[in-house]
Amino acid sequence: MSQYKFPQPTSFLLEEEPRKLYISWSDGHETVYDWERLRWACPCAWCAGEGGLPGVLASKKSLSREETTLVNIEPVGRYGLTPVWEDGHHTGIYTYEKLRALCECDECRKKRME
């Protein structure tokens, strides 16, 4: 059994069309993320804000194609992944917990409602 509370990704796939990230998890779950939705959820201080101040995404109504094109995923220790975006942004660390919380499948939505 893992020492970590949350399941770990076992693999991921970037699909250029339909612009989706697919993650398979150690508990057998599979999650599909829309690239644009993932960028809007960037947890870094620049995008999401910090210290009570809003991030840059709070003032945007839309994102460019470069801002929402995922070119790579890099592991961060044993707790998260960092997307690398076409515009050069690569400072958002998405913890495994956050990634699972972003899952939009029926099963995960139901668990969040409980």
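Residues numbered from 1 in each chain as written. Predicted model: local features only at pLDDT ≥ 70, side-chain atom pairs only at ≥ 80, totals over all residues. Heavy atoms only, no water.

(A) Structural context of empty space enclosed by the protein. Taken as a whole and judged by the stated rule, the model has one cavity of 30 Å³ or more. Each pocket or cavity is described by its volume, and for the largest cavity that value is around 30 Å³. Forming the walls of the largest cavity are Leu 21, Ile 23, Leu 38, Ile 73, Leu 81, Pro 83, Tyr 94 and Leu 99. For the lining of the largest cavity, the elements supplying multiple residues, two or more each, are strand S2 (20–25) and strand S7 (80–85). Taken together, the residues of the lining of the largest cavity break down into eight nonpolar, no polar and no charged. (1 Å grid on protein atoms, 1.4 Å probe; cavity = no way out; pocket = protein on both sides within 12 Å on 5 of 7 lines; lining within 4 Å. Points joined across faces, edges and corners; volume = space filled by probe spheres on them. Helix = DSSP H or I, 4+ residues; strand = E, 2+ residues; numbered from the N terminus. Nonpolar A, V, L, I, M, F, W, Y, C, P; charged D, E, K, R; others polar.)

(B) Representation of the sheet that holds strand S8 (residues 94–95) in the model. The antiparallel open sheet is built from three strands, whose spatial order is S6-S7-S8. In the strand order of this sheet, the two ends are held by strand S6 (70–76) and S8, each with one partner. Bridge count between S7 and S8: two bridges; the pairing is antiparallel. Of the residues in S8, the one forming a bridge with Gly 80 is Thr 95. (Pairing = 2+ DSSP bridges.)

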